[in-house]
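Chain by chain, the residues:
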Protein chains: 2
Amino acid sequence: MHPSFKITGIFLAAAVSACSAVHHQSDGASDPLVIAKQGSFFVGGQEIKDKNLSLLPRYAPEGGGTVSVNQMYVRYQTPVAAKKTPLVLVHGCCLTGKSWEATPDGRMGWDELFVRRGFSTYVIDQVSRGRSASTVSDVVKVKAGRASAEALPQVFNAAHESAWQLFRFGPEYPKTFAKMNFPLEAQGEFWKQLVPDWYNALPVPNPTVPALSLLATQLNGAIFISHSQSGIYPFQVAAANSKNVKGIVAIEPGACPSPTSDMTPYVGMPILILWGDNTEKSPLWAPRPKQCAEFVAAANRAGAKAESIMLSDIGMPGATHMLMLDKNSVEIGEWLADWIVKNTAP
Amino acid sequence: MHPSFKITGIFLAAAVSACSAVHHQSDGASDPLVIAKQGSFFVGGQEIKDKNLSLLPRYAPEGGGTVSVNQMYVRYQTPVAAKKTPLVLVHGCCLTGKSWEATPDGRMGWDELFVRRGFSTYVIDQVSRGRSASTVSDVVKVKAGRASAEALPQVFNAAHESAWQLFRFGPEYPKTFAKMNFPLEAQGEFWKQLVPDWYNALPVPNPTVPALSLLATQLNGAIFISHSQSGIYPFQVAAANSKNVKGIVAIEPGACPSPTSDMTPYVGMPILILWGDNTEKSPLWAPRPKQCAEFVAAANRAGAKAESIMLSDIGMPGATHMLMLDKNSVEIGEWLADWIVKNTAP
């Protein structure tokens, strides 16, 4: 190491410390971001032998070869002087970790917002989606005539029109709800986030769940922020690995645990269920806040620290299902960071 | 903005300037990284109507819906005081932008190395791979009985054993070449990077090419670093959009342009073709350096500034096809950054 480095290093440490204070108080993405460490890696997965990897001889030996399946891609950033407990961000249906990155209208995503708030932040792609490989073995098998069409996976692309309704931009495409914060002017960019969803072709629980559990263990404890389809996953992780789940934020979960299920994993656990507007106007969403409220009550009776909050009840009306991308996403994210700091002592 | 911000801001600017100097001179990933801006977005793509998006009614209207296809995912980081011309990193066969991120044995990837060297760095996922959505319409159509198995896409998972040979870890699995720098102790982590490859199911030129061209235009000029399968793409971009291609680094390209093709797009263009070891021992790779050498000669006769370099000839023996992940990847990357600075005046 160059002898002048130590002096520079001390100066740097002081500077970084000053920078962090600026970040915390400023409006976000306009100040430089100081990263102590960043990278990406995989968690979980198995190696299997498969005879239907490719019909092109160059890419798979005759008689079959080995392929890695069920691994989960993880990208992370750690700020200088990070809080002890990291956040793990888990996206929902038909999407990837991109959900948490820059918004369709080009504003800072929650991945960076939480780093600026001092959290090490881990963004995953669910198994079989994005950079977490899917397995096309059944497609190859049927194309080769080694199986019939029923063997094909139940995979789908979500239509914009259906996602519009599911994500509650309005009651049905192309109508909008009266107060609705999604930046529809950037919808073209948003739709590009949608990827094929292999959820229905995967076993239950989804292989993402053991991978998340392994990640929580590797991190020596994590706070999960889930969304929609993935809402149940952190609860499933907690059921098997409670000590490494330091808190759960379920944003508009597709389901909460049954109120009659074992509540032991959630004793003492900070849990927040967060809802946007207009759930009551959606046949799909209407029952869900009620079902989750029953879980919250049961969990609290057992000693959890759970709450269910409608954003409109705390002064942030107009939230859609994609609230991390809504026009006031930074406002919601800052509120959520405050909630996490207050309730989980990260 | 808080009144004290400006004073803090001046201090921050001085600090960042000092930090940058430290980064440039240090060994890399151990110092904090100062990012002026980061984010992700999509380039290119079309919206199409499709009647085979899903067999599950929730996700697509009866009679069909709209889906976005052929868009390209891009993630970028811009350092403070970035050089004028950004780098665009384009991965190869069966892989995603993960190729350029942290290595399988946990070291800094080239995405960060180039940012630390002052380049705005853009990492893409090829169309139909990773976070760039593929279209499973033909799978849905065949599963629904609306088409026969021949309509299925020619998609494949590469077997570890085949990739071993293609990536020249050795002449055949599990043999290794005598001098070989890939961190095989981390091969389990590396194999998890492999994803299904839709290359053979896509039109020619690959939709990634117009998307890269659009990106180069949006960036007002870019230097491309391609790898393997994507080696020809930046040349195809240059053929249509030469003024926005400020340089091409083709790492072990699958093909170079024909030496009898039009060389006009490459006049004055800095071009580097870079090779690892043992190409001559691989039936697949043996002809390629020769074919590219013929292109380099033809391009230079027309006024390009092209060269083809074997890493073993410049003191870095043992490079594999995945040289950005080899044990000496930082050494190669630093040399490459020097080459780019010297030859492209970024």
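Residue positions are counted from 1 within each chain, in the order its sequence is given. Each chain gets a letter, beginning with A, and each ligand a number, beginning with 1, in the order they are written. pLDDT decides what is reported in this predicted model: residues at 70 or higher carry local features, side-chain atom pairs at 80 or more are listed and counted, and totals for whole chains, interfaces and linings draw on all residues regardless. Hydrogens and water are ignored here; the side-chain numbers use all heavy atoms of the structure.

> Can you break down the overall build of chain A residue by residue, with the values?
Within chain A, the secondary structure is distributed over nine helices and ten strands. Each principal axis of the C-alpha distribution contributes one length, and for chain A these read about 65 × 60 × 45 Å. In chain A, buried positions account for 62% of the 346 residues. In this analysis, two residues are considered to be in contact whenever any of their non-hydrogen atoms come within 4.5 Å of each other. Restricting the contact set of chain A to residue pairs at least 6 apart, pairs at least 24 apart contribute 75%. Throughout, the Shrake-Rupley method with a 1.4 Å probe supplies accessible areas, and for residues the shown protein chains are the sole cover considered. When the accessible surface of chain A is summed, it comes to about 12300 Å², and 55% of that surface belongs to carbon and sulfur atoms. Counted as positive: Lys and Arg. Counted as negative: Asp and Glu. His and the chain ends are not counted at all. Charge positions come from single atoms, namely NZ of Lys, CZ of Arg, CG of Asp or CD of Glu. Looking at charge distribution, chain A has the averaged site of its 30 positive side-chain charges lying 6 Å from that of its 28 negative ones. For helices the rule is a DSSP run of H or I covering at least 4 residues; for strands it is a run of E covering at least 2, with both sets numbered from the N terminus onward. Partly exposed describes any residue whose relative accessible area lies between the buried limit of under 20% and the exposed limit of over 50%, with all areas from a 1.4 Å probe on protein chains only and scaled to the type maximum.

> Got a sec to walk through the relation of the copies chain B and chain A? Specific residues and values, please.
Our superposition of the copies is a least-squares fit, built on the C-alpha atoms of residues whose pLDDT is at least 70 in both. Superposing chain B onto chain A requires a rotation of 180 degrees together with a translation of 0.0 Å along the rotation axis, leaving an RMSD of 0.0 Å. The two molecules are tied by a two-fold rotation axis, judged by turn and shift. Of the residues that chain B buries at the interface, 99% are likewise interface residues in chain A, meaning the two copies contact each other through the same surface.

> So, the interface of chain B and chain A: which residues are in play, and what are the values?
Facing 88 residues of chain B, the contacting portion of chain A comprises 87 residues. Buried area, as used here, totals the accessible surface that two parts lose on assembly, with accessibility defined by a 1.4 Å probe and the loss added over both. Both faces combined, the contact of chain B with chain A buries some 7400 Å², and carbon together with sulfur accounts for 59% of it. Area buried by chain B at its contact with chain A is led by Y59, R131 and K192 of chain B, which between them contribute 11% of it. Counted as salt bridges are all cases of a side-chain nitrogen of Lys or Arg within 4 Å of a carboxyl oxygen of Asp or Glu. Run the count over chain B and chain A and you get six salt bridges. Among the ionic pairs, R131 of chain A bridges to E101 of chain B, the shortest N-O distance being 2.7 Å. As used in this structure description, the phrase polar contact means that two N or O atoms lie within 3.5 Å; if the pair is within protein, one of them must be able to donate a hydrogen and the other to accept it, and residues adjacent in sequence are counted only when both atoms belong to side chains. Run the count over chain B and chain A and you get 44 residue pairs in polar contact (both at pLDDT 80 or more). Here the element with the most residues in the side of chain B that touches chain A is helix α1 (residues 5–25) of chain B; it accounts for ten residues. Note on residue classes: Ala, Val, Leu, Ile, Met, Phe, Trp, Tyr, Cys and Pro are nonpolar, Asp, Glu, Lys and Arg are charged, and everything else, Gly too, is polar. Tallied by class, the residues present in the side of chain B that touches chain A amount to 48 nonpolar, 24 polar and 16 charged. Looking at chain direction, strand β1 (residues 33–43) of chain A and strand β1 (residues 33–43) of chain B are connected through three bridges and run antiparallel. The pairing criterion for strands is at least two bridges between them, as found by DSSP.

> Can you lay out the environment of Y199 of chain B for me, pointing to particular residues and giving the numbers?
Residue and element names in this part refer to chain B. Take Y199: it is sitting in the loop between α5 (187–191) and α6 (208–218). Between the C-alpha atom of Y199 and that of Q154, which follows or precedes it by 45 residues, the distance is 8.2 Å. Filtering out sequence-adjacent residues up to four positions away, Y199 remains in contact with R129, N206, Q229 and Y233.

> Residues and numbers for helix α8 (residues 287–301) of chain B, please.
Residue and element names in this part refer to chain B. Here α8 contains 15 residues, and its C-alpha end-to-end distance of 22 Å stays within 8% of the 21 Å for a straight helix at 1.5 Å per residue. Buried within α8 are the following residues: R288, P289, C292, F295, V296, A298 and A299. Turning to α8, the residues buried within the fold contact α7 (233–241), β9 (270–275) and β10 (305–310). Phi for G303, located one or two positions after α8, is positive at around 110 degrees. Expected span, for any helix, means 1.5 Å times one less than how many residues it has.

Just distances and angles here, no functional claims.
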